[in-house]
Amino acid sequence: IYGSDAIGGVINFITRKRFDGVGANVRYGFADNYKTVDGNLTIGKDWGTGSIYASYAYAWHDNIMGIDRDYVRADHRDRGGADLRSTTCALGNFITLNNGVSHAAPALQPNTQNRCDATDYADVYPSEERHAVFAGLTQALSDSVDFQATAYWSRRDTTRLNATPGFTGQIFFTNPYFRPIAFQPLQQVAMSFASVFGESMKSHARFDSWGVSPSLAIGLGDGWELRTEANYGHSFSQVREPTINATAATLALGGTTLATALNPYDPGASNPAVLAAIRDFENYGHADQELFQTRAILDGRLATIGGGDIRLAIGAEYFFEKLDSLVSLDRRDVFTNAIGSVTSRNAKSVFAEALIPLVGPGNSMPGLRAFQISGSIRHDSYDDVGGTTNPKIGFNYKPFDDLLIRGNYGTSFHAPSLADTTSLADARVQILLVSPLRAPGSLPTDFLRPTLVLAGGNPLLKPEEAKTWSLGFDWTPKAVPGLVASATYYNVKFTDAISVPPVLSPVFFTDPGFRSFYITNPTLAQVRAIVGDTPLNGAPSLESLYLGTSPYVVMDARRTNLGAIHVDGIDFNLAYLRETGFGSISANIHGTYTLNRKTQAVQGSAFDDNLKNGTGRLTLVGAVGAKVGDFTARATLSHRGGYPILGAPPQTDVDAFNTVDLFFAYDLGGMLKDTMLTVNVDNL
């Protein structure tokens, strides 16, 4: 049984303990406007009582921008949708506030508008470079003592191109560059700095991680063993995202001299010092995280009954983590107003598990070949979120040798991460100078009003919990060698589920349960009450957002405890492999069919049926393949079912998504021993 973080299930990666020789792999890939290369090298030695090996891996791929793919676009009118292109363009738009009429630069004729696709020069897939080293050592110290250790180091550098941000504000007649329109002394400005700063801005992110995990297994005799394990890890992450200084741009738009003013009609004509002040700004963040775990487990045979050995395991664990983070929204390499946070936690746990084979080879009978029951319990005590006790029970039943029927029930617990709770370094109010996310029925002109997004951690977060049960079978019929069939019914009920309110989804404004997470047309007093002393990003002050206009919406997009998630469905797997005179043939299909998925926005609100809005029922992967001599081929279909959507007229549904991949391999053993050539065609 697992502790915190296992609330939705567990995948175990078990690394090899021994390796002898040299292994290498290299791969090159290409697509339209895209390249990738990766490779690895493993060297090891096995001397019988022990083994040591080390592996190095490298991977790189370049980026894909929106303009590189015709399906990435903002104008959907040819499919019956809306034109979502931006109006904050290199050639700006100027709106007279007395009548809301748009005048497009450079001619500034009434009822004209410049539109631009902000997806063109932004990455849909950023470039990345990764290095990784993994090493393992195992050694028998005596007949009853085994030592093992693994260690790793990795570095990932990601470079992303973001579209140069747009900007909206107001220009008064006091600006020396002001061009009067219809005798109005004030204009609303929607513009981009792409003409002076380039179409894209390049951000960088680095993630370093390393760790070491030694363990010792001591045989105590009579089937008992004591295992002691430890793990220490450290990670470092850094993000540098250049953007424009919206505060400096707002001040420059209100400048009254050629030395201080911004020219929104022709930004390149502005004083270079003004442009430099607007350009010199970035979102910066870094974090150091430490993790230490140690545990001891005693397990062995408690007694022997008719079905076999009753086995028992008991253990204890200690866990410590620390997070040191800093966030700055300022000029590059200026951290005067940076927000730092250092927080830590520790947890102590005890656990036990018993396996009781009531029926086994010694006392089996027709219709009852085997029957086992298991039970486990775990108690975790956190110094910040308190304690929790979680049990689990399960059974395995074989009516005959070909069929296993299994089931289990348990509860689980997930403590909110330090970044989500006590670390408040990323707490901020992100101010968007336009409102792309709006409620149905909003006016088109609301797009030009600001949006305020309260983001970051939430010190009021509670742990999330779940009750889970499942029932399934595994069938391997001897009459049909190579056939494997299995299915599992699962039922999971989360409470206090930790998530960000779905601010990007149409359901955010149409589901009454999320009504408490936003206010449309908020007053300045309401905004002040919500924001408090949280730092602002994107405007010099809250008051500046109410000059000649006002925010359309203020949203609370912090991590929060939503009400509940109830989901059940069926996991299934069917696979067949048959040896033939020429080699073999194979086919398999596996996936998940969701029977029900209901969510509760906040406790006490009604449950919404997600299958009627935004969630598909069926996800599966199917493959057919064959091996003919040294040649292998396989075709794979990946399917994600379509689903209806509400609140986004005129669209009412999203179609299923299907991709087909091909794989070919040729064993070159006749020419190069232990060597294989492979070719993949993805998304054929």
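The notes below deal with the structure included here.

The rules behind the values
Within every chain, residues take consecutive numbers counted from 1 along the sequence as written. Since the coordinates come from a predicted model, pLDDT governs what is reported: local features require at least 70, and pairs of side-chain atoms require 80 or more to be given and counted, while whole-chain, interface and lining totals use all residues. The side-chain numbers reported here are obtained from all heavy atoms of the structure, hydrogens and water having been left aside. When DSSP locates at least two bridges between a pair of strands, those strands are taken to pair. In this text, helices come from DSSP runs of H or I with a minimum length of four residues, and strands from runs of E with a minimum of two, each type numbered from the N-terminal end. Every residue pair with non-hydrogen atoms within 4.5 Å of one another is taken to be in contact. In this description, a line fitted to the C-alpha atoms serves as the axis of each element, helices being fitted only across the stretch in contact, and the angle between N-to-C directions of two axes falls anywhere from 0 to 180 degrees. Two rings from Phe, Tyr or Trp (for Trp, the six-membered ring) form a pair when their centres are within 6.5 Å of each other. A pair whose planes differ by under 30 degrees is stacked, one over 60 is edge-to-face, and the rest are tilted. Think of it in three bands: residues with accessible area under 20% of the maximum for their type are buried, residues over 50% are exposed, and the middle band is partly exposed, with areas taken using a 1.4 Å probe on protein chains only. Only lysine NZ and arginine CZ atoms are considered, and such an atom sits over a ring when it is within 6 Å of the ring centre and within 35 degrees of the ring normal. What counts as a salt bridge is simple: a side-chain nitrogen of Lys or Arg found within 4 Å of a carboxyl oxygen of Asp or Glu.

### Brief notes about the sheet that holds strand β22 (residues 451–455)
In a beta sheet, neighbouring strands pair by backbone hydrogen bonds and run either parallel or antiparallel. Strand order in the open sheet formed by five strands is β26-β28-β22-β21-β27, and the pairing between neighbours is mixed. Since the sheet does not close on itself, it has two edges, and those belong to β26 (518–520) and β27 (536–537), each with one partner.

### Observations concerning the sheet that holds strand β11 (residues 166–172)
Across the sheet, which stays open at both edges, the five strands sit in the order β7-β6-β5-β12-β11 with antiparallel pairing between neighbours. Among the strands making up the open sheet, the edge pair consists of β7 (109–110) and β11. Relative to strand β6 (residues 101–104), strand β5 (residues 93–96) runs antiparallel, the two sharing four bridges. Opposite Asn93, over in β6, you have Ala104 as the bridge partner. Docked against the sheet, helix α2 (residues 246–253) engages β11 and β12 (186–192), running at close to 25° with respect to β11.

### Concerning the packing of aromatic side chains
Following the criterion strictly, the structure yields 18 aromatic pairs and no others. Judged by centre distance (5.2 Å) and plane angle (75°), the rings of Phe508 and Phe509 are edge-to-face. Judged by relative accessible area, which is 0%, Phe508 ranks as buried. Every member of this aromatic cluster is reached through a ring pair, and the members are Phe508, Phe509, Phe514, Phe517 and Tyr518. Sitting over the ring of Phe197, Arg279 keeps its end group 5.8 Å from the ring centre.

### What about unusual backbone geometry?
The omega angle of the peptide bond from Ala105 to Pro106 is 5°, so this bond is cis rather than trans. Mapping Pro106 onto the fold places it in the loop between β6 and β7. For Asn33, which is not glycine, the phi dihedral falls at a positive 55°. Here Asn33 shows up in the loop between β1 (21–31) and β2 (34–46). The exposure class assigned to Asn33 is partly exposed, which follows from its relative accessible area of 49%. One non-glycine residue, Leu108, lies in the positive phi region at around 60°.

### Observations concerning the pattern of salt bridges
Any two side chains of opposite charge can pair if their charged atoms end up close together. Counted under the stated rule, the structure contains 33 salt bridges. A salt bridge links Glu128 to Arg156, with the nearest nitrogen and oxygen atoms 3.9 Å apart. With Glu128 in strand β9 (residues 127–140) and Arg156 in strand β10 (residues 145–163), this pair connects stretches of sequence that are 28 residues apart. Where Asp420 meets Arg559, a salt bridge forms, and the shortest distance between an N and an O atom there is 2.7 Å. Pair noted here: Asp420 is in the loop between β20 (403–414) and β21 (428–432) and Arg559 is in the loop between β28 (553–556) and β29 (560–561), with a separation of 139 residues, a long-range link. What makes Asp420 buried here is its relative accessible area of 16%. Several salt bridges converge on common partners, so that one network encompasses Glu225, Arg227, Glu229, Arg295, Asp299, Glu317, Arg378 and Asp380.

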